[in-house]
Every structure is written in structure tokens, then in C-alpha cells.
Amino acid sequence: MTFTAQILTLYPEMFPGPLGTSLAGRAREEGKWALNTVNPRDFTTDKHRSVDDTPAGGGAGMVLRADVMATAVDFASGKQPNAPILAMTPRGKPLTQARIRDISSGPGVTIICGRFEGFDERLFEGRNIEQVSIGDYVLSGGEMGALVLLDACIRLFPGVMGATASGDDESFEHGILEYPQYTRPQIWEGRIIPEVLRSGDHAKIAAWRKQRAEEDTRLRRPDLWERRRDASDQSPSGAQGKDKDKE
Ligand code: SAM
């Protein structure tokens, strides 16, 4: 079955956008994924085709109406009842590689892109929608977030990346960052590729990479490092995991 992405957006012309080129574009041509856009404006009932209205309680901007958005969501989810429905919002749960892997192994996804001040909260009370964020910053619309989410999913489809193993080693797959990478030339501006990577000793290379991945995660992403420690503390072999981290 082809993974199908349905995007609810007021700007359907933004799709496939960058997903029409490179790996994702080729994968789409090969039928590894399909894309449909649904414009909530097509589900309006008034003569002005309004999808938004002023915020209850006052304040700046406009809010996407629950009734119009829900009709569009119902239409889209009717086409793919088994696909999760996600809404892009900075108030959502941050997306993780684990959630991306989950979604990419399913039948598809329906993504609701917000605009203006966002959604009427009752949309989330009335429908089974997962609210997700792509980071602690504010975009002008959910479309970029949808593209980010889809790009992360598509590269995981079988046969999309060159080597089958090339996704397994990467940042976040094991809860930490990837080790640093180097390539030719061997010396650049007086900087030389670490000796161990030139040694041909695979065991030493693996040990160096593990150590750098852990060290960089500890320094750059203490949040990830803590989470990993907490997870290993809670696992049956927690004590062992903790000792190992201290080495
Ligand atoms: N008033 C909202 C708030 O402060 O939480 C921000 C609305 S933003 C200007 C418009 C739309 O962009 C949102 O409804 C959402 O779809 C999208 N958006 C903005 N930042 C996002 C983020 N970090 N992650 C996912 N979507 C985001």
C-alpha cells in the first residue's frame, strides 16, 4: 500500500514544494508515497468563504473556525480512516524521531496546517487529533512543519535512502546525537582527520565514534542525555546502564 499524505492547507500550491525534488521527489515518482491536498475553504458555507473569525475575548489576529476545519478533517479522515491526524501547532508535543518512524511505517498521515493565530481549541476536543510542534519557535503557518514531518518520514521508506543501514546510525535513532563526520582532503587548512579514522581498525573506530557521540550529546544536548540516563535507570538493567555512562 502506498503511504498517502493528506494536507489540509489554505495554500495547496505550497505542496509538494521541496518534496518534489531529490530523494522525496524520486520516491513519489516511483509511487512510494502519494500526496493529496484539501483546502478548508472548500468546506465553507457562507458567501465570503470564511475559514476564520476574530478571537473570543478579544485580541489581535484571527482564529481558524472549528466548524469549517472539522468538516474538512472529516472529509480527509473519511478517505484514510486508519491514518493518524496531526495538527501543526507550537502548543503541540515536540516531534521526535521515534514518532516519525512510527508514522512512516503506517498507511499515511493527515496533517492540518494552521494559519493566523491558530485553531479554535474545540476542534481538538471534538476530534481525535494529535497536536505536534516542530520546535520552540513560531512559524507563520503549519505548511513548513508539514513539509518537515513528511521529509523525515519519506527518507525512512524502504529503498529511499541509498544503503539500507544509512538511517540506523543517525542522530536521535538511539536517543543521542551522531558522531562527527569527516571526508577528504585528509588535511584541510592545517586540520587533519583524527588518526583513529585513518587507522583501518574497525573496533577502534566504533569505540571512538561511540565515545564522541556520547560526549557531544552530553555537551550539546543535556536534555537528551538526561532522558537517556532516566530511561536506562528505569530499565531492568538500569544500574548497569548508569555505571556504563560513568566510564
Ligand atoms: N498563536 C499561536 C501560538 O502562539 O501558539 C501561533 C500561530 S502561528 C503564527 C500560525 C500557525 O503556524 C500555527 O497554527 C501552526 O499551524 C503553525 N506553526 C507555527 N509554529 C509552529 C511550530 N513550532 N510547530 C508546528 N507548527 C507551527
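Just so it is clear, the structure is predicted and the values come from calculations on it, not from any experiment.

Comments concerning the site of the ligand
Taken together, 18 residues lie around the ligand, and Met88, Gly114, Gly135, Tyr137 and Leu139 are the ones closest in. In this structure, Gly114 approaches the ligand through a main-chain N or O atom, which is 2.9 Å from an oxygen atom. One of the backbone N or O atoms of Tyr137 is found 2.8 Å from a nitrogen atom in the ligand. Considering the ligand on its own, with 580 Å² of exposed area, one finds that the protein chains cover 85% of that surface. For the shell around the ligand, the secondary structure elements donating two or more residues are strand 5 (85–94) and strand 7 (130–133). Ranked by residues supplied to the shell around the ligand, first place goes to strand 5 with 3 residues.

Quick notes on the sheet that holds strand 2 (residues 33–38)
The strands that make up a sheet pair up through hydrogen bonds in the backbone, lying either parallel or antiparallel. A sheet is described by the order of its strands in space; here 5 strands give the open sequence 2-1-6-5-7, paired in parallel fashion. Each edge of the open sheet carries a strand with a single partner, namely strand 2 and strand 7. The average undirected angle you get between the axes of adjacent strands in this sheet is 35°. Relative to strand 2, strand 1 (residues 3–8) is paired through 6 bridges, and the arrangement is parallel. When the bridges of strand 2 are listed, Gln6 appears paired with Asn36.

Comments concerning helix 5 (residues 143–154)
Helix length check: helix 5, at 12 residues, gives a terminal C-alpha distance of 16 Å against a target of 16 Å (1.5 Å per residue), a fit within 8%. Taking burial as the measure, the 12 residues of helix 5 include 9 buried ones, the bulk of the element. Residues of helix 5 that are buried sit in contact with strand 1, helix 1 (22–29), strand 2, strand 5, helix 3 (97–104) and strand 6 (108–112).

Quick notes on the confidence of the model for the protein
Should the pLDDT be low somewhere, the predicted coordinates at that spot are not to be read in detail. With 94% of its residues at a pLDDT of 70 or more, the protein shows a mean pLDDT of 94. In this model, residues 239–247 is a region of pLDDT below 50 whose contacts with residues beyond four sequence positions or in other chains number 10 contacts.

Some words on the packing of helix 6 (residues 202–220) against helix 7 (residues 222–234)
One can describe the packing of helix 6 onto helix 7 by two numbers: an axis separation of 5 Å at closest approach and a directional angle of 115°. Contact residues: helix 6 offers Glu214, Thr217, Arg218, Leu219 and Arg220, while helix 7 offers Pro222, Leu224, Trp225 and Arg228. A class-by-class count of the residues in the contact of helix 6 with helix 7 yields 4 nonpolar, 1 polar and 4 charged.

Concerning the packing of aromatic side chains
On inspection of all chains with the given rule, the structure shows 3 aromatic pairs. With 5.5 Å between their ring centres and 70° between their planes, Phe119 and Phe124 make a pair best called edge-to-face. Residue classification places Phe124 among the buried residues on the basis of a relative accessible area of 13%. One cation-aromatic arrangement involves Arg28 over Trp33; the distance from NZ or CZ to the ring centre is 5.8 Å.

Examining the pairing of strand 5
Direction of pairing for strand 5 relative to strand 6: parallel, over a ladder of 3 bridges. The residue of strand 6 that forms the bridge with Ile85 is Thr110.

What to know about unusual backbone geometry
Backbone torsion omega between Phe15 and Pro16 reads 0°, so that peptide bond is classified as cis. In this fold, Pro16 is placed in the loop between strand 1 and helix 1. Backbone torsion omega between Arg184 and Pro185 reads 5°, so that peptide bond is classified as cis. Positive phi values are uncommon outside glycine, yet Arg49 reaches one of about 55°. Tracing the sequence through the fold places Arg49 in the loop between strand 2 and strand 3 (52–53). One non-glycine residue, Glu189, lies in positive phi territory at about 50°. For Glu189, the location among the structural elements is in the loop between strand 8 (187–188) and strand 9 (191–192). Owing to a relative accessible area of 61%, Glu189 belongs among the exposed residues under this scheme.

Looking at helix 1
Turning to helix 1, its buried residues number three or more, namely Ala24, Gly25 and Ala27. With its buried residues spanning 165° around the axis, helix 1 presents them on a single face. Turned more than 90 degrees off the buried face of helix 1, the exposed positions are Ser22 and Glu29. Its buried side turned inward, helix 1 meets strand 2 and helix 5. One or two positions beyond helix 1, positive phi appears at Gly31, with a value near 80°.

What counts and how
Throughout this document, residue positions are counted from 1 along each chain, in the order its sequence is written. The predicted nature of this model means local features are confined to residues of pLDDT at least 70 and side-chain atom pairs, given and counted, to a pLDDT of 80 or more, with totals for whole chains, interfaces and linings taken over all residues. Neither water nor hydrogens contribute to the side-chain values; these are computed over all heavy atoms in the structure. Residues are counted as near a molecule or strand when any one of their heavy atoms sits within 4 Å of it. Between N or O atoms, a polar contact is any pair within 3.5 Å; within protein, one atom must be a potential hydrogen donor and the other a potential acceptor, and residues adjacent in sequence are included only when both atoms are from side chains. Computed by Shrake-Rupley with a 1.4 Å probe, the accessible areas treat only the displayed protein chains as cover when residues are assessed. Numbering goes from the N terminus for both helices and strands, where a helix is a DSSP run of H or I of at least four residues and a strand is a run of E of at least two. Criterion used throughout: strands pair if DSSP finds at least two bridges between them. Here, axes are lines fitted to C-alpha atoms. For helices the fit covers the stretch in contact, and angles between N-to-C directions go from 0 to 180 degrees. Expected helix span is computed as 1.5 Å times (number of residues minus one). Type-normalised accessible area, obtained with a 1.4 Å probe on protein chains alone, sets the label of each residue: buried when under 20%, exposed when over 50%, and partly exposed for intermediate values. We call two residues in contact whenever any of their non-hydrogen atoms come within 4.5 Å of each other. Per-residue confidence from the predictor is reported as pLDDT, which spans 0 to 100. Gly is placed with the polar residues, together with every amino acid not listed as nonpolar (Ala, Val, Leu, Ile, Met, Phe, Trp, Tyr, Cys and Pro) or charged (Asp, Glu, Lys and Arg). Stacked, tilted and edge-to-face are the three classes applied to pairs of Phe, Tyr and Trp rings, where Trp contributes its six-membered ring and a pair requires centres within 6.5 Å; stacked means planes under 30 degrees apart, edge-to-face means over 60, and tilted covers the rest. By definition, being over a ring means that NZ of Lys or CZ of Arg is both within 6 Å of the ring centre and within 35 degrees of the ring normal. In this description, the arc belongs to the directions extending from the helix axis to the C-beta atoms.

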